[in-house]
Amino acid sequence: MQAEWTGVFGGIHLRLRAREDGILQVTRDICGQFRGNEYSPVIGCPEGSWTRRTEAGSEVFTLPGLYVRVNRETGALSFANETGKLLLQERPDCPAELQPAEIRRSVFSAETRITEKTGADGARSSADPAATETDRTGVRGRQYFCFQENEALYGLGSHEEGIGNLRGHMRLLYQHNLKAVVPVLVSTAGWGILFDMGCGMAFHDDKEGSFMEIDCADSLDWYFVYGNGTWESLTEKLRGLTGPAPMLPRYALGFIQSKERYVNAQELEDTVAEYRRRKIPLDVIVQDWQTWPEGQWGLKQYDRSRYPEGFADRLHTMNVRVMLSIWPHMQGDRNSNRDEMIREGCMLGNRSTYDAFSPKGRAIYGRQIREGLMTEKIDAWWCDCTEPFEADWQGNERLPDEERMRVNTGEARKYLDPASISLYSLLHSRGIWEEMRRDPGAPRVLNLTRSSWAGQRRYAAVTWSGDVCATWETLRRHVPEGLNFMAAGEPFWNCDVGGFFTSCREPWFWRGEFLQGVEDPGYRELFVRWLQYACFLTMMRAHGTDTPREIWQFGDAGDRYYEAIAACIRMRYRLLAYQYSLLAETREKGIPAVRVPALVFPEDPRLRETDNQMMLGSGILVCPVTRPVETLPGGEKIADADENTEVYLPAGCRWYEADGDGLYNGGQAVTVRTPLEKVPVFVREGTILPLSPVRQYTEEETGEPVEIVIFPGADGAFDFYDDDGISYAYEQGEYQRIPMRWNDREQVLTLGAQEGSLRREQRFAVRLRGGQETREILYTGEEMMVRP
């Protein structure tokens with residue numbers, strides 16, 4: 001029997017459900033029907049159990065590792081861990097306010113007037129419905145919380161403001177070119193909440209109070225999740241709730257070259273050939289929009305005059321993968337894809353955007369890709385514009401934040417169910433995943449997309465931050481915003497290195513600070529620093545408009561900016577074995593590779609106010625340089641330039657400067673010199689760091705061993721992971737995991753017996769950080785011990 005309890009408090013119905021692993025589902029509405037989110041990302045949350053007892057004024061429920069107390073007068077909840085420590089409570093006198101909300105749908109007719117336009121964000125179509133009618137009645141209102149004074153909050157996706165710790169702030173949650181929502185909030189106290197509503201929402205922890213406001217949902221529905229007090233255990237439970245991430249193809253961790261846009265296949269081939277000639281590593285070349293015949297926007301066919309048959313095969317012979325842009329919009333009188341969608345009833349009301357909420361629509365869209373584009377053996381997809389309705393990407397003045405939300409969600413409501421307006425990207429990504437996995441022998445899926453939602457990771461979707469401007473302030477804001485996205489349990493995030501818009505034009509969103517693009521030394525400095533930051537993200541991808549981004553555009557071999565870019569790309573390939581092993585940890589435990597330091601070290605209060613640093617795995621601390629050191633926009637040299645950067649080192653351990661001689665105690669700020677070529681990186685004592693040999697592409701065989709660097713001072717552990725890098729054979733156990741354990745007292749590294757059925761000899765060169773000797777070993781799958 002399901003562990004379920006209901007009550008009515010002040011006219012609001014409350015339902016509690018125990019879920020597996022001590023997760024509690026909390027649902028409120030005003031009619032007692034408790035309708036759920038039809039497109040909920042929750043897929044793996046079986047029924048759980050609890051014990052219940054009644055105390056004076058309260059109902060108390062005991063779940064694994066969790067106590068939940070319900071105030072019998074107001075229905076307010078409080079959550080405590082198994083020792084009784086308070087984790088979170090609702091506002092005792094008023095946990096929620098709810099009012100009825102009509103959920104209306106638009107009615108379109110054959111006579112509906114369609115307005116088409118093409119702008120900076122591509123082709124768009126809009127329509128005014130002939131009428132609207134009530135579909136059902138849901139709720140709107142607020143869910144109130146009382147957060148603890150000493151906790152920090154993270155998550156809710158990536159946005160524009162550059163906020164790290166969300167305490168004291170407000171976040172508007174709706175999908176937009178510059179916003180990617182993940183409705184998960186996590187605390188340094190070790191708890192998290194998944195808000196399972198697809199409508200527009202607004203999080204407040206400001207002068208108005210602490211609450212989540214919803215504008216239109218079937219019910220107020222959320223999940224409280226608690227692990228064993230650590231963020232890592234919390235993230236593992238969130239993974240169980242919304243599904244695991246797959247292994248991305250290994251090439252996704254290589255360097256990715258893109259721009260808006262290469263105009264034909266010959267330009268793609270010439271670009272790749274030049275990288276190969278210069279011996280600069282490259283794994284993926286990206287073809288942006290408009291590969292279709294002129295006048296047939298979004299048609300999933302090639303303009304063969306520019307992209308002749310076999311162009312992808314020719315790129316493959318140069319050992320590079322091809323990523324191709326596809327769109328959910330279709331325009332043009334001769335667009336057969338659009339005609340089919342209309343004929344099959346799978347277009348939304350603007351008769352341009354396909355209905356990703358329809359299984360039939362997703363199947364047709366996938367088949368159109370297969371029949372029209374897969375003839376060229378495309379490796380990866382760039383699913384652009386997955387927040388297909390926005391109304392403010394125009395004009396020279398940016399609207400106030402609340403007004404922007406109103407006009408953008410209002411446009412989306414015309415075509416989508418108001419309770420699900422934020423979910424288009426989730427369903428679109430699902431359709432791509434299902435089509436690409438239809439063939440059991442197909443290679444791994446990779447989907448670059450601009451919008452997100454909880455659980456989208458399970459479709460191999462990598463979100464980017466949108467069409468941002470090239471400014472130093474934008475780069476600064478990316479550090480905390482990317483961390484908040486990944487803190488919410490969605491591990492795959494990246495950005496356009498160098499900013500999408502570099503110049504300054506009339507539209508409010510086109511306000512870059514570098515009118516001369518790569519000719520401006522100020523932009524060259526910004527690009528280098530942005531690339532250094534992206535070196536540690538899921539993807540390292542150069543992209544944008546206004547100015548080219550290939551390495552030779554910044555100078556030639558021997559020039560300072562050129563060499564700084566080349567060194568950064570090579571560093572990315574040195575980190576390949578480490579980052580690929582972290583991808584495996586993400587798949588198995590849900591823990592993102594890139595982490596908020598305050599969540600990794602929750603006992604260090606100073607980290608809660610530090611928003612310019614990030615962890616890569618548990619061992620590497622990075623502080624990207626996000627200010628100009630040498631040159632301002634326009635090329636003006638900075639007088640008395642300060643090359644120093646302050647880095648705060650988390651308490652409780654010692655830290656090695658990665659490319660220096662320093663070893664520092666944690667709990668202090670240190671100042672390091674950071675000329676253009678250097679990004680501050682520190683490595684935690686006890687870290688076991690695998691470093692790959694530099695190669696021209698991720699699958700290249702160099703014949704050189706993987707270097708294993710031990711940073712002594714504490715015991716350490718790391719699981720080295722390998723597989724074929726491209727197939728799903730790992731799902732059947734065809735992988736190799738090597739447990740590596742460092743005993744600091746004995747100064748011995750133990751490589752345990754391998755896990756997985758992939759038998760592969762591994763050559764390792766083991767050394768201590770700062771040591772003079774290297775021990776080269778051949779690992780054959782059996783346990784062995786090494787004394788460096």
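Just above sits the structure.
A brief report on the enclosed structure follows. Small disclaimer: the values here were computed from a predicted structure and weren't measured.

Looking at the overall build of the protein chain
From N to C terminus, the protein chain includes 12 helices and 43 strands. The C-alpha atoms of the protein chain give 26 Å as radius of gyration, which agrees with the globular expectation for 788 residues (28 Å, within 12%). Here the protein chain holds 788 residues, and 63% of them are scored as buried. Long-range contacts, defined as pairs at least 24 residues apart, comprise 70% of the intrachain contacts of the protein chain with a sequence gap of at least 6. Here the protein chain displays about 28300 Å² of accessible surface, and carbon together with sulfur accounts for 45% of that area. A gap of 2 Å separates the mean positions of the 92 positive and 118 negative side-chain charges of the protein chain.

Digging into helix α6 (residues 401-413)
The end-to-end C-alpha separation of α6 is 18 Å, in line with the 18 Å expected for 13 residues at 1.5 Å each. Summarising the contacts, the buried residues of α6 are in contact with β11 (122-127), β14 (170-173) and β17 (201-206).

Quick look at the environment of Arg69
Along the chain, Arg69 turns up in strand β6 (residues 66-71). The class of Arg69 is partly exposed, set by a relative accessible area of 32%. Along the chain, Arg69 and Ala80 lie 11 residues apart, while their C-alpha atoms are 8.4 Å from each other. Setting aside anything within four residues of it in sequence, one finds Arg69 in contact with Glu55, Ser58, Glu59, Val60, Ala76, Leu77 and Ser78.

Concerning the side chain of Glu151
Tracing the backbone through its elements, the reader meets Glu151 in the loop between β12 (131-146) and β13 (153-158). The charged side chain of Glu151 is buried without a salt bridge, its nearest counter-charge being Arg167 at 4.6 Å. Here the side chain of Glu151 touches Gln148 through a polar contact of 2.7 Å, landing on its backbone nitrogen. At a separation of 2.4 Å, a polar atom in the side chain of Glu151 contacts the side chain of Ser187. With residues up to four places along the chain from it excluded, the contact list for Glu151 reads Leu87, Arg167, Ser187, Thr188, Ala189 and Trp191.

A word on the nonpolar core
Among the nonpolar cores identified, the biggest contains 239 residues, and Leu16, Phe79, Trp191, Phe224, Trp381 and Phe764 are the most heavily contacted of them. Look past the residues within four positions of Phe79 in its chain and what remains in contact with it is Leu24, Leu66, Tyr67, Val68, Lys85, Leu86, Leu87, Leu88, Trp222 and Phe224. With seven residues, the next largest nonpolar core counts Ala123, Trp289, Trp292 and Trp327 among its residues.

Digging into the environment of Tyr648
For Tyr648, the location among the structural elements is in strand β31 (residues 644-649). When the C-alpha atoms of Tyr648 and Asn612 are compared, they prove to be 9.7 Å apart, with 36 residues separating the residues in sequence. For Tyr648, the residues in contact, after removing those within four places along its chain, are Asp604, Arg606, Leu607, Gln613, Leu621, Gly667, Gln668 and Ala669. Looking at Tyr648, its side chain comes within polar contact range of the side chain of Asp604, at 2.8 Å.

Brief notes about the sheet that holds strand β38 (residues 716-722)
Across the sheet, four strands lie side by side as β38-β39-β40-β43; this open sheet has antiparallel pairing. Across the chains shown, the open sheet's two edge strands, defined by having one partner strand only, are β38 and β43 (784-786). The sheet shows a mean angle of 20° between the axes of neighbouring strands, taken without regard to direction. As defined by bridge partners, β38 adjoins strand β39 (residues 736-743) across seven bridges and the pair is classed as antiparallel. Looking at β39, one finds that Asp722 is bridged to Gln736. The strands that helix α11 (residues 576-589) touches are β38 and β39; relative to β38, the one it contacts most, it runs at about 90°.

Considerations on helix α8 (residues 472-487)
For α8, with 16 residues, the first-to-last C-alpha span of 24 Å sits near the 22 Å given by 1.5 Å per residue. The sharpest bend along α8 measures roughly 30° and falls at His478, with the proline Pro480 sitting one to four residues further on. Most of α8 is tucked away, with 13 of its 16 residues classed as buried. Among the residues trailing α8, Gly489 stands out with phi positive, at a value near 95°.

Remarks on the pairing of strand β42 (residues 775-779)
Strand direction decides the pairing type here: strand β41 (residues 762-768) and β42, joined by five bridges, are antiparallel. Residue pairing across strands places Ala765 opposite Glu776, the latter belonging to β42. Hairpin connection of β41 to β42: six residues between the antiparallel strands, including Gly770 at a positive phi of 85°.

Thoughts on the packing of helix α5 (residues 359-372) against helix α7 (residues 424-436)
It is the contact of α5 with α7, at a shortest axis distance of 9 Å, that shows an interaxial angle of 50°. Here α7 runs oblique to α5, going by the angle between their axes. Considering the relative orientation of α5 and α7, their crossing is right-handed. Residue-level contacts link Arg362, Ala363, Tyr365, Gly366, Arg367, Ile369 and Arg370 of α5 to Leu427, His428, Arg430, Gly431, Ile432, Glu434, Glu435 and Met436 of α7. Grouping the constituent residues of the contact of α5 with α7 by class yields six nonpolar, three polar and six charged.

What about the packing of helix α9 (residues 521-534) against helix α10 (residues 560-574)?
For the pair α9 and α10, the least separation of the axes is 10 Å and the interaxial angle reads 10°. One way to sum up the angle between α9 and α10 is to call them roughly parallel. In this structure, α9 contributes Pro521, Arg524, Glu525, Phe527, Val528, Leu531, Gln532 and Ala534 to the contact, and α10 contributes Tyr561, Ala564, Ile565, Cys568, Ile569 and Arg572. Looking at the contact of α9 with α10 residue by residue, the classes come out as 10 nonpolar, one polar and three charged.

A short note on the sheet that holds β13
If you walk across this open sheet you meet the seven strands as β1-β2-β3-β19-β16-β15-β13, and the pairing is antiparallel. Of all strands in the sheet, those bounded by a partner on one side alone are β1 (4-9) and β13. The mean angle between the axes of side-by-side strands here comes to 20°, regardless of whether they run parallel or antiparallel. Examined bridge by bridge, strand β16 (residues 191-195) and strand β19 (residues 220-226) share five bridges and lie antiparallel to one another. Its bridge partner being in β19, Gly192 is matched across the sheet by Val225.

What counts as what
Residue numbering note: each chain is counted from 1, following its sequence as written. Per-residue local features of the predicted model are confined to residues with pLDDT of at least 70, and side-chain atom pairs are confined, for both listing and counting, to 80 or more; whole-chain, interface and lining totals are unaffected and use all residues. Computation of side-chain values covers all heavy atoms of the structure but excludes hydrogens and water. Numbered from the N terminus, helices here are DSSP runs of H or I no shorter than four residues, and strands are runs of E no shorter than two. Two things to know: the radius of gyration comes from C-alpha atoms, and the globule rule equals 2.2 Å times the number of residues to the power 0.38. Burial here depends on accessible area, computed with a 1.4 Å probe over protein chains only, as a share of the maximum for the residue type. Under 20% is buried, over 50% is exposed, and the range in between is partly exposed. For this analysis, residues touch if any pair of their heavy atoms sits within 4.5 Å. Areas reported here follow the Shrake-Rupley algorithm with a probe of radius 1.4 Å; residue values treat only the protein chains shown as occluding. In this tally, Asp and Glu contribute negative charge and Lys and Arg positive charge; neither His nor the terminal groups of the chain are included. Charge positions are represented by NZ for Lys, CZ for Arg, CG for Asp and CD for Glu. The span expected for a helix works out to 1.5 Å for each residue beyond the first. Between Lys or Arg on one side and Asp or Glu on the other, a salt bridge is scored when a side-chain nitrogen of the former is within 4 Å of a carboxyl oxygen of the latter. Pairing of N or O atoms within 3.5 Å defines a polar contact, subject to two protein rules: one partner must be a possible hydrogen donor and the other a possible acceptor, and residues neighboring in sequence count only if both atoms are side-chain atoms. Here, nonpolar core refers to any group of buried Ala, Val, Leu, Ile, Met, Phe, Trp, Tyr and Cys residues whose side-chain atoms link them within 4.5 Å. When DSSP locates at least two bridges between a pair of strands, those strands are taken to pair. Axes here refer to lines fitted to C-alpha atoms; in helices the fit is confined to the stretch in contact. Angles between the N-to-C directions go from 0 to 180 degrees. What the bend at a residue measures is the angle between two axes, fitted to the seven residues ending there and to the seven starting there. The scheme is simple: roughly parallel for angles under 35 degrees, roughly antiparallel for over 145, roughly perpendicular for 65 to 115, oblique for anything else. A crossing counts as left-handed when the near helix is turned anticlockwise from the far one by less than a right angle, and as right-handed when that turn is clockwise. Residue type decides the class: Asp, Glu, Lys and Arg count as charged, Ala, Val, Leu, Ile, Met, Phe, Trp, Tyr, Cys and Pro as nonpolar, and the leftover types, Gly among them, as polar.

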